[in-house]
Amino acid sequence: QAAPQVPAPARSHQIALIETKRALFAFDDVMFADLISPQSLSVSFRSCCDCLLRLCRRRKELKARTVWLGCPEKCEEKYSKNIIKNQKYNILTFVPGVLYQQFKFFLNLYFLVVACSQFVPSLKIGYLYTYWAPLGFVLAVTMVREAVDEVRRCRRDKDMNSQLYSKLTVRGKIQVKSSDIQVGDLIIVEKVTDDLLFFSGACFIRTDQLDGETDWKLKVAVGCTQRLPADLFSIKAFVFAQKPQLDIHSFEGNFTREDSDPQIQESLSIENTLWASTVVASGTVIGVVIYTGKETRSVLNTSSAKNKVGLLDLELNRLTKALFLAQVVLSIVMVALQGFVGPWFRNLFRFVVLFSYIIPISLRVNLDMGKSAYGWMIMKDESIPGTVVRTSTIPEELGRLVYLLTDKTGTLTQNEMVFKRLHLGTVSYGADTMDEIQSHIVRSYGQTPLPPPWSSGPRVRKSVSSRIHEAVKAIALCHNVTPVYESHGNGETESAEADQDFTDDNRTYQASSPDEVALVRWTESVGLTLVNRDLTSLQLKTPSGQILSFHILQIFPFTSESKRMGIIVREESTGEITFYMKGADVAMASIVQYNDWLEEECGNMAREGLRTLVVAKKSLSEEQYQDFESRYSQAKLSLHDRALKVAAVVESLEREMELLCLTGVEDQLQADVRPTLELLRNAGIKIWMLTGDKLETATCIAKSSHLVSRSQDIHVFRSVSNRGEAHLELNAFRRKHDCALVISGDSLEVCLRYYEHEFVELACQCPAVVCCRCSPTQKAQIVTLLHQHTANRTCAIGDGGNDVSMIQAADCGIGIEGKEGKQASLAADFSITQFRHVGRLLMVHGRNSYKRSAALGQFVMHRGMIISTMQAVFSSVFYFASVPLYQGFLMVGYATIFTMFPVFSLVLDQDVKPEMALLYPELYKDLTKGRSLSFKTFLIWVLISIYQGGILMYGALLLFESEFVHVVAISFTALILTELLMVALTVRTWHWLMVVAELFSLACYLASLAFLSEYFDRSYITTWPFLWKVSAITLVSCLPLYIIKYLKRKFSPPSYSKLSS
């Protein structure tokens, strides 16, 4: 026997030693600086630092490993701990980390600098709390929110790491925490916390949290371990496993038992593994741990989603910078009018601090609270039940979308497969003729057994009945479906095989593909029923009740590369060995015998929107199979290029197979897909469909869903493989106008490699684009390209794990909880239950969120600009003195209790009713132009602020009588009333909470007058002169704006007001 293939010892410590020596040598160069030039010294020092930095940052190299059963201490290396850690911070880094995240933004850093300046006596303007209280409030809210999230993450991690598992040891079974599990431990599991190799029996697992697929998957134990003694510690065996990697659908390794004679060695594959984050659907299993912690497949595939920032936030950030520039310019003007006398630089900074309210700190607080309110409204909307807002920072993005990129299967379609068509070459059966197939099957199994196929010579044409019999039998055998029986008595599943009665009422089918379940259900409907299946056998029940038993010799599962699956079975009654195979037409066309109908009929079915599968078979003699099995087993034991060698052996069988039939399965459209797509198209949203299906099926679904109208031309982009072909095809496409584009993933890749800009420019002019045969990476690439080349907002919507990358790359990601699991839903910013909910989500909630946030943001800035204008007028009148107009509680109260609630109530405003927004989706088009928040609207608010601030301040200075305190009382009261009236002017549809907010704020201000004797003269504010002066100033500041608004609505009304009337 050859010695076991054990990997070479780890050399990570040697590499570390070499790196350290290099660093020391670099340091020695620095020590002999007197012998070299200063330039060389600098280079050597930098080299030393770089080398040490690389040493510190060097990541542990992942390598293959040898794992001894139940002996973690024999491991050659120290592997990653089996702990889950989702925390962002620890006790030491929490405060610095949160502060950094806050002050890396211009707005918060600006306020920090202003607040810190108040500790300098010569720069102090007012009370410290007027600057530090608002900033402290914002930081406190943020830190409390982060602390709560961090505590929740810590508790979740602690709960996960503290879960108890049964570990087998020499002394028996003991309970250990998940965090204490090591590579090499033997574990009895129900939910998998690390990557295991399966050692006992067979089981079904659920992988919905790993790959998004909800169907159960069958896992089998290592073959030779089925015969191991009960005491696993009495043997000497090890597993050689490949290095940890991303691919969750493949695994290569070997199992070796050393203490047997001869030495036992068996190859390991993906079917022998249980990855972390999967759940054992039935029973318990024993497995050896091969990967833990950060080296498990689930953790390696976890990528942190990008931090999405809404376009509205970016626009407001630009306006904030413009306000800061205006603030600096205004301060320079004030100092210039002073004549730059004395310590003018200090006065300049005092003016900057004095006008700091021009950039309101409450802007960020109001917007964040508004976003939370929008998210709450979305989730409480009874018209779209089950909707979840997972990212509360970008609800306004739903109102700015130009491109919607959608998946097909499970998103536009239901992912519920229904068998529709069976084609035998000369005859085709549809839904209305399935009873003919059933009668043929009944006759076939009711009469004398059919002669074996080899008894009829190849020249003799088979009867239709014989061909139907062979086709249905092949479909009933060639699959990975397992019948599962639920026991109604004691709740246990899968009762013993001997006691199984094979009744139809409690049988369900489990498979990794809904297509296969649809095929098996169809064979059941025509009379041939799959009643039992285990690792080595399969049983069918005929219409007469007879049980046909088959021994499973080999299974070749479906892969995205091969696009086909196969099975070799031996019928127990006759001993006949048959190789059945089914797959996509592109993969099977070169495998089956020559025919003149397959390609044409595949195209016909695809145009009907059916998913096609080609079914073929090949009869094998005993000698042929034994030869194949020996070569196949040898290839599976190979450690190098195992996949290629196995594929080569299997392909040796895939020659001149007999074509049996072509099946067509329909994936039905989701409810209300057609009206929803029409609604989105009328709203000016361009819809792209990205799917992995074939071109004909994708085109048919695009037409049936009305993504492409019946009268619209479709340009099918010819398959191209080089630059010249791509250039010619792009020129041909350029001559087409107003037509939908259909392109395959391969052609798309060639076009993007050579003519990226030209292709995107042409594609963006199309009313609709269909990309078929797209990989998940290509989907994300298309989203990124659209964002880069058009600068428009993109939205991606999907339901499967293959859509996650596209959803995370888009500006706004929407996930659907579908049959493919919750992976897309959990990764998305918004989760919905049906595609038709997208219409209301965008037309109503997206539109309202954007318009409300635009109005709220500009009004908060207006509130800061008006008081800064009053301060500028006041300083100008009093010889450009840098003295504050309002101090202490007045400034704090102005930004909070006196005006906060009415201003925030703008989040309840709406210009049209939801029904009207859905009836006229054209209203959505205006939002994409960004007219609700632009430099034009911002300039209008600046002019309003200057006008009102000037009127309020000059009016108070003109009308006050003797004491300066009267100026403060008159101007501040008029300011509060003006803000309340301006909120009323801005509101388009009143809500009862808005009225409550207005009255409550006014009552709070009037009540506070009794306690603010430091700022107001009580004897004066109760007199008639005070009241009429305040009323007159407020009237002059607000009445012209009301008149202008009335005239504008009368002579140039906005589109929504026309609909409202």
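Parameters and conventions
Residues numbered from 1 in each chain as written. Predicted model: local features only at pLDDT ≥ 70, side-chain atom pairs only at ≥ 80, totals over all residues. Heavy atoms only, no water. UniProt positions renumbered as here; feature names shortened; annotations may be inferred. Helix = DSSP H or I, 4+ residues; strand = E, 2+ residues; numbered from the N terminus. Contact = heavy atoms within 4.5 Å. Areas by Shrake-Rupley, 256 points an atom, 1.4 Å probe, with all protein chains shown as cover. Polar contact = N/O pair within 3.5 Å; in protein donor to acceptor, adjacent residues only side chain to side chain. Buried < 20%, exposed > 50% of the residue type's maximum accessible area, 1.4 Å probe, protein only. Pairing = 2+ DSSP bridges. Patch = residues over 30% accessible without salt bridge, like charges linked within 9 Å, V, L, I, M, F, W, Y side chains within 5 Å. Salt bridge = Lys/Arg side-chain N within 4 Å of Asp/Glu carboxyl O. Phe/Tyr/Trp six-rings, centres within 6.5 Å; stacked < 30°, edge-to-face > 60°. Lys NZ or Arg CZ within 6 Å of the ring centre and 35° of its normal. Axes fitted to C-alpha atoms, helices over the stretch in contact; angles between N-to-C directions. Expected span 1.5 Å × (residues − 1). Lys, Arg positive; Asp, Glu negative; His and termini not counted. Charge placed at Lys NZ, Arg CZ, Asp CG, Glu CD. pLDDT = per-residue confidence, 0-100. Core = buried A, V, L, I, M, F, W, Y, C linked by side-chain atoms within 4.5 Å. Bend = angle between axes of the 7 residues up to and from the residue.

- As annotated in an unreviewed UniProt entry, the protein chain is Phospholipid-transporting ATPase from Oryzias sinensis.
- In UniProt, the protein chain has this text filed under Catalytic activity (unreviewed entry): "ATP + H2O + phospholipidSide 1 = ADP + phosphate + phospholipidSide 2."
- Here is the UniProt Sequence similarities (unreviewed entry) comment for the protein chain, exactly as written: "Belongs to the cation transport ATPase (P-type) (TC 3.A.3) family. Type IV subfamily."

### What to know about the overall build of the protein chain
Thinking step 1. Assigned secondary structure in the protein chain consists of 36 helices and 33 strands.
Thinking step 2. The contacts in the protein chain between residues at least 6 apart in sequence include a share of 73% that link residues at least 24 apart.
Thinking step 3. Here the protein chain displays about 49,600 Å² of accessible surface, and carbon together with sulfur accounts for 57% of that area.

### Examining the UniProt feature "active site" (unreviewed entry) in the protein chain
Thinking step 1. UniProt records the feature "active site" (unreviewed entry) at D407, using the numbering of this structure.
Thinking step 2. Its place among the elements puts D407 in the loop between β15 (401-406) and β16 (413-423).
Thinking step 3. Every residue in contact with D407, bar those within four places of it in the chain, is listed here: L412, L690, T691, K779, I797, G798, D799, D803 and M806.
Thinking step 4. At 3.3 Å, the side chain of D407 and the side chain of K779 are in polar contact.

### Looking at the pairing of strand β1 (residues 65-68)
Thinking step 1. Covered by surrounding structure in β1 are R65 and V67 together with T66 and W68, the residues of both alternating faces.
Thinking step 2. In this structure, β1 lies alongside strand β8 (residues 237-241), joined through 4 bridges in antiparallel fashion. From the neighbouring strand, T66 faces β8, where its bridge partner is F240.

### Topic: a nonpolar patch on the surface
Thinking step 1. On the surface, Y127, Y129, F889, I897, F901, W992, L993, V996 and F1000 cluster together into a nonpolar patch covering about 850 Å² of accessible area.
Thinking step 2. The leading source of residues in the nonpolar patch is helix α33 (residues 992-1008), at 4 residues.
Thinking step 3. Secondary-structure assignment places F901 in helix α28 (residues 900-904).
Thinking step 4. Look at F901 and you get partly exposed, because its relative accessible area is 36%.

### Notes on the pattern of salt bridges
Thinking step 1. Scanning the entire structure with this criterion turns up 28 salt bridges.
Thinking step 2. A salt bridge links E396 to K371; its shortest N-O distance comes to 3.0 Å. Taken together, the residues span a long stretch of sequence, with E396 in the loop between β14 (388-389) and β15 and K371 in helix α10 (residues 362-380) at a distance of 25 residues. For the residue pair E396 and K371, the accessibility class agrees, reading buried in each case.
Thinking step 3. Across the pair D627 and R631 runs a salt bridge, and its minimum N-O distance is 3.3 Å. Residue D627 and its partner R631 are both found in helix α16 (residues 622-636); the two are separated by 4 residues, about one turn of the helix.
Thinking step 4. By relative accessible area, D627 is classed as partly exposed at 40%.
Thinking step 5. Here the residues in one salt-bridge network are D313, R364, D368, K371 and E396, joined through shared partners.

### What to know about the packing of aromatic side chains
We describe a pair of aromatic rings using the distance from one ring centre to the other and the angle between the two ring planes.
Thinking step 1. Enumeration according to the criterion identifies 28 aromatic pairs in this entry.
Thinking step 2. On the basis of an interplanar angle of 40° and a centroid distance of 6.5 Å, the ring pair of W275 and Y291 is categorised as tilted. With a gap of 16 residues between them, W275 in the loop between β11 (273-274) and β12 (279-280) and Y291 in strand β13 (residues 285-291) connect regions that are remote in the sequence. Exposure class is identical for W275 and Y291. Each is buried.
Thinking step 3. A ring pair is formed by F898 and F972, whose centres lie 6.2 Å apart and whose planes are at 75°; its orientation type is edge-to-face. In this pair, F898 is assigned in the loop between α27 (889-895) and α28 and F972 in helix α32 (residues 964-986), connecting sequence segments 74 residues apart.
Thinking step 4. Relative accessible area serves as the criterion here: at 1%, F898 is assigned to the buried category.
Thinking step 5. Aromatic ring contacts, followed pair by pair, group Y886, Y894, F898, F972, Y1005 and F1016 into a single cluster.
Thinking step 6. Above the face of the Y79 ring, R65 is positioned so that its terminal group lies 4.0 Å from the ring centre.

### With respect to the sheet that holds β1
Thinking step 1. In spatial order, the strands read β1-β8-β9-β10; together these 4 strands make up an open sheet with antiparallel pairing. Only two strands of the sheet have a single partner each, and these edge strands are β1 and β10 (264-268). Strand after strand, the sheet turns through a mean of 20° between neighbouring axes, direction not considered.

### Description of the UniProt feature "binding site: Mg(2+)" (unreviewed entry) in the protein chain
Thinking step 1. Per the UniProt record, the feature "binding site: Mg(2+)" (unreviewed entry) sits at D407, T409, D799 and D803. Judged by maximum C-alpha separation, these annotated positions cover 397 residues in sequence but sit close together in space, the widest gap being only 10.7 Å.
Thinking step 2. Its location among the elements puts T409 in the loop between β15 and β16.
Thinking step 3. Within the secondary structure layout, D799 lies in the loop between β31 (793-798) and α24 (804-809).
Thinking step 4. Among the polar contacts made by the side chain of D799, one reaches the side chain of T411 at a distance of 3.5 Å.

### Topic: helix α23 (residues 776-790)
An α-helical turn contains 3.6 residues, so a residue and the one three or four places further along point in the same direction.
Thinking step 1. The end-to-end C-alpha distance of α23, which contains 15 residues, comes to 22 Å, matching closely the 21 Å that a straight helix rising 1.5 Å per residue would cover.
Thinking step 2. Where α23 is concerned, the buried positions are Q778, K779, A780, I782, V783, L785 and L786.
Thinking step 3. Note on α23: the residue one or two positions beyond its end, A791, has a positive phi of about 60°.

### Some points on the sheet that holds strand β32 (residues 812-816)
Thinking step 1. Pairing in this open sheet of 9 strands is mixed, and the strands run β14-β33-β32-β31-β15-β27-β30-β29-β28 from one edge to the other. Looking along the sheet, the strands with just one partner apiece sit at the ends: β14 and β28 (714-716).

### Thoughts on a positive patch on the surface
Thinking step 1. A cluster of like positive charges, contributed by K925, K929, R931, K936 and K1048, occupies part of the molecular surface.
Thinking step 2. Tracing the backbone through its elements, the reader meets R931 in the loop between α30 (925-928) and α31 (935-959).
Thinking step 3. Here R931 falls in the exposed class, since its relative accessible area comes to 54%.

### Notes on unusual backbone geometry
Thinking step 1. Non-glycine residue D672 carries a positive phi angle of around 60°.
Thinking step 2. Mapped onto the fold, D672 is located in the loop between β26 (658-669) and α18 (673-682).
Thinking step 3. Accessibility expressed as a relative area gives 40% for D672, which makes it partly exposed.
Thinking step 4. Of note, H706 is a non-glycine position whose phi angle comes to about 65°, a positive value.
Thinking step 5. Positionally, H706 belongs in the loop between α19 (695-704) and β28.

### Comments concerning the confidence of the model for the protein chain
Segments scoring low in pLDDT should not have their predicted coordinates read at a detailed level.
Thinking step 1. Considering every residue of the protein chain, the mean pLDDT works out to 82; 87% of them sit at 70 or more.
Thinking step 2. Throughout residues 1-43 the model reports pLDDT below 50, and contacts reaching past four residues in sequence, or to other chains, amount to 47 contacts.
Thinking step 3. Note on residues 450-460: pLDDT under 50 across the span, and 7 contacts to partners over four residues away in sequence or across chains.

### A look at the nonpolar core
Thinking step 1. Residues I814, F830, L841 and L842 are the most contacted members of the largest nonpolar core, which totals 94 residues.
Thinking step 2. The biggest single contributor to this core is helix α26 (residues 837-877), with 12 residues.
Thinking step 3. Among all residues touching I814, those that are not within four sequence positions of it are L398, C795, A796, I797, G798, I807, A828, F830, I832, L841 and L842.
Thinking step 4. With 42 residues, the next largest nonpolar core counts C478, F550, L613 and L660 among its residues.

### What about helix α35 (residues 1024-1051)?
Thinking step 1. Between its first and last C-alpha, α35 extends 39 Å over 28 residues, near the 40 Å set by a 1.5 Å rise per residue.
Thinking step 2. Along its length, α35 reaches its greatest deviation from straightness, about 30°, at V1036, and the proline P1040 lies no more than four positions downstream.
Thinking step 3. Listed in full, the buried residues belonging to α35 are F1026, K1029, V1030, I1033, T1034, S1037, C1038 and L1041.
Thinking step 4. Close packing links the buried residues of α35 with α31, α32 and α34 (1018-1021).

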